[in-house]
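Residue strings, one per chain:
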Amino acid sequence: MNEFSYLFLFFLTGSVSLKLWLNARQSRHIMLHRQQVPDDFVGKIDLEAHQKAADYTIAKTNIASISTLISSAILIMLTLGGGLNLLLSMSQSYIGSDILVGICLIMSTFILSYFIELPIDIYQTFKIEQKFGFNRTTTGQFIKDQLIQLALMLIIGCPLIYALLWVMGEMGDYWWLYAGVLTISFTFFMTWLVPTLIAPLFNKFTPLEDEQLKNKIQHLFERCGFNSKGIYVMDGSRRSGHGNAYFTGIGNNKRIVFYDTLIESLDADEVEAVLAHELGHFKCKHVRRQMVVSSLVTLAAFALLGWLKQQNWFFDGLAVLQITDASALLLFLLISPIFSTFIHPISSYYQRKFEFEADAFASTMSKPEYLIQALVKLYRENASTLTPDPLYSSFHHSHPPAGVRINHLKSLAKC
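Every chain's residues receive numbers from 1 upward, in the order its sequence appears when written. With the structure being a predicted model, the display of local features is reserved for residues of pLDDT at least 70 and the display and counting of side-chain atom pairs for 80 or more, all residues being used for whole-chain, interface and lining totals. For side-chain calculations, the full set of non-hydrogen atoms in the structure is used, while hydrogens and water are omitted.

## Some details on the pairing of strand β4 (residues 255-259)
With five of its five residues buried, β4 lies for the most part within the structure. Residue burial is assigned from relative accessible area. The probe radius is 1.4 Å, only protein chains are included, and a residue is buried under 20% of its type maximum, exposed over 50%, and partly exposed in between. Runs of E in the DSSP output that reach at least two residues are strands. Runs of H or I that reach at least four are helices, and both are numbered from the N terminus. Side chains R255, V257 and Y259 of β4 all project onto a buried face; the interleaved residues I256 and F258 project onto the opposite face, where all are buried too. A pair of strands counts as paired when DSSP detects no fewer than two bridges linking them. Note: strand β2 (residues 231-234) against β4, four bridges, orientation parallel. Bridged to I231 within β4 is I256. Two elements, strand β3 (residues 245-248) and β4, share four bridges in a ladder whose sense is antiparallel. If you follow Y246 over to β4, its bridge partner there is V257.

Spelled out as structure tokens, the structure:
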């Protein structure tokens, strides 16, 4: 072990301790407010629904703490515990090509971690979601989804890793710049591809048939100057009772997707208000700005990796015996989330700012009261807690707390 080993352990301990402490704060705060519906929601959400949301959130928070501990144990075993050395040695015993060895090392690490954490997903789906009435996934459907995910991990992941390792080995001192551009291009391509090829592997998407709602949405598009490839309804109820709506795709492949559960729970005016909020992200150029920031972060990350790859202490500190492009890339992917834990509130701050701006835009396209009504229904039906701990929320939530957001919309309604 060297100085970097201790730095790694210090940040890992700090990251885990922070997450567990925040989780404990969240559970404690929710329990303190479990017996009373917040004033902003009195008459809109009853005490039973409020308590269900509290219990559901606490159950998810508890399982998140266990997942944090398991993930940290896996990381220690792979690095200081010698797991990566063992996987690399086994790969080299059967494979001659350095790039193929690297692909095997990285993919075997991801797959091993996936199977170790799989029991958490099973418990989350068939215990917690089932207990609170949200799970509609059958055992067969769950197994099918896992197999598809594993297949996609191999089909998509292997070529990408091959390309990155080739660039790292063949493109000279500025390989990190080419690798960054490659990753950014791949991300854009996948964003374009997912709606038409990947998502249909998991769900069925059908064009919106409600003519009244469709006309209302088309008129909203015209007022906003927005073009879309279509409005689709996804059979989300096949797996879960949660409702949602989202935009997907980029360029000429943008489309709007509503969960069938959302269509059933909201009326036409409320759906329009939710959609106006999402359109606000495009009109306020939030999507474009996030893409630019994400691209710059990607380039900076590869530049940092380019420097770390030349430092022996980086590998020695994490107990990796062989310095290879694959081990450098894998180590960076494994440990970077630890060091970024402490800056999450910065990202959350800007994401919340975007949400407020999108709400303000929506209030010009639809009545704020309709968006308030829609949000209250979604909070109730998704069992979203109305009383999150403020500090926990600043680390984990991209959207403002329920009460803060509702009050902001009320102020817009008075303007």
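## What about the layout of surface pockets?
Remark: the empty space left among the atoms is shown by a probe the size of a water molecule rolled over them. In the cavity and pocket records, a cavity denotes points on a 1 Å grid over the protein atoms alone where a 1.4 Å probe fits but cannot get out, a pocket denotes an open set with protein on both sides within 12 Å along at least 5 of 7 lines, and lining residues are residues with an atom within 4 Å of a point. Grid points are joined across faces, edges and corners, and a volume is the space filled by probe spheres set on the points. Considering only enclosed or pocket space, the largest pocket measures out at about 970 Å³ in volume. For the lining of the largest pocket, the secondary structure elements donating two or more residues are α2 (47-78), α9 (268-283), α14 (368-381), α15 (390-396) and α16 (402-414). Among the residues making up the lining of the largest pocket, the classes are represented as 15 nonpolar, 14 polar and three charged. Each residue gets one label: Ala, Val, Leu, Ile, Met, Phe, Trp, Tyr, Cys and Pro are nonpolar, Asp, Glu, Lys and Arg are charged, and the others, such as Gly, are polar.

## A word on the environment of L308
Mapped onto the elements of the fold, L308 is located in helix α10 (residues 286-308). When its relative accessible area of 8% is taken as the criterion, L308 is described as buried.

## Quick word on unusual backbone geometry
Here the phi dihedral of K285 falls at roughly 60 degrees; this positive angle occurs in a residue that is not glycine. You can see K285 is positioned in the loop between α9 and α10. Given the relative accessible area of 43%, K285 is considered partly exposed. With phi around 65 degrees, A319 is a residue other than glycine that occupies positive phi space. On the secondary structure map, A319 appears in the loop between α11 (312-317) and α12 (325-340). Here A319 falls in the partly exposed class, since its relative accessible area comes to 24%.

## Let's talk about the sheet that holds β2
Pairing in this open sheet of four strands is mixed, and the strands run β1-β2-β4-β3 from one edge to the other. Here the strands that pair on one side only, and so sit at the sheet edges, are β1 (205-207) and β3. Averaged over all pairs of adjacent strands, the angle between their axes in this sheet comes to 30 degrees, without regard to strand direction. Pairing between β1 and β2: three bridges, direction antiparallel. Counted as the bridge partner of F205 is M234 from β2. Note on contacts: a residue pair qualifies if any of its non-hydrogen atoms lie within 4.5 Å across the two residues. Axis lines are fitted to C-alpha atoms, over the contacting stretch for helices. Their N-to-C directions set the angle, which ranges from 0 to 180 degrees. Across the sheet, helix α7 (residues 211-224) touches β2 and β4, and the angle it forms with β2 is around 130 degrees. Docked against the sheet, α9 engages β3 and β4, running at close to 35 degrees with respect to β3.

## Overview of the packing of aromatic side chains
Stacked, tilted and edge-to-face are the three classes assigned to paired rings of Phe, Tyr and Trp, where Trp is represented by its six-membered ring and a pair needs centres within 6.5 Å; plane angles under 30 degrees give stacked, over 60 edge-to-face, the rest tilted. Taken as a whole and judged by the stated rule, the model has 15 aromatic pairs. Where F11 meets F339, the ring centres are 4.7 Å apart and the plane angle is 40 degrees; that geometry is what we call tilted. Placement of F11 in helix α1 (residues 3-32) and of F339 in helix α12 is noted, with a sequence separation of 328 residues between them. Between F11 and F342 the ring centres are 5.9 Å apart and the planes differ by 75 degrees, which places this aromatic pair in the edge-to-face class. Note that F11 is positioned in helix α1 and F342 in the loop between α12 and α13 (344-365), a separation of 331 residues in sequence. Classification of F342 by relative accessible area gives partly exposed; the value is 36%. Taken together through their ring pairs, the aromatic side chains of F4, W307, W313, F314 and F315 make up a single cluster. In this arrangement the basic side chain of K52 is found over the ring face of F134, its NZ or CZ atom lying 4.8 Å from the centre. For a Lys NZ or an Arg CZ to count as sitting over a ring, it must be within 6 Å of the ring centre and within 35 degrees of the ring normal.

## Regarding the environment of T13
Here T13 is to be found in helix α1. Note: C-alpha distance between T13 and W175 (162 residues apart in sequence) is 33 Å.

## Re the nonpolar core
The nonpolar core is taken to be a set of buried Ala, Val, Leu, Ile, Met, Phe, Trp, Tyr and Cys residues, with the residues joined through side-chain atoms within 4.5 Å. Of all hydrophobic cores here, the largest spans 46 residues; its most connected members are F41, I217, F221, F258, L275, L279 and Y379. Contributing elements (two or more residues each) for this core: α7, β2, β3, β4, α9, α13, α14 and α16. For this core, the leading source of residues is α14, giving seven residues. Setting aside residues no more than four positions away along its own chain, F221 makes contact with F226, S228, I231, I256, L275 and L279. Formed by 40 residues, the second largest nonpolar core is a distinct cluster that contains M168, A179, F314 and L329.

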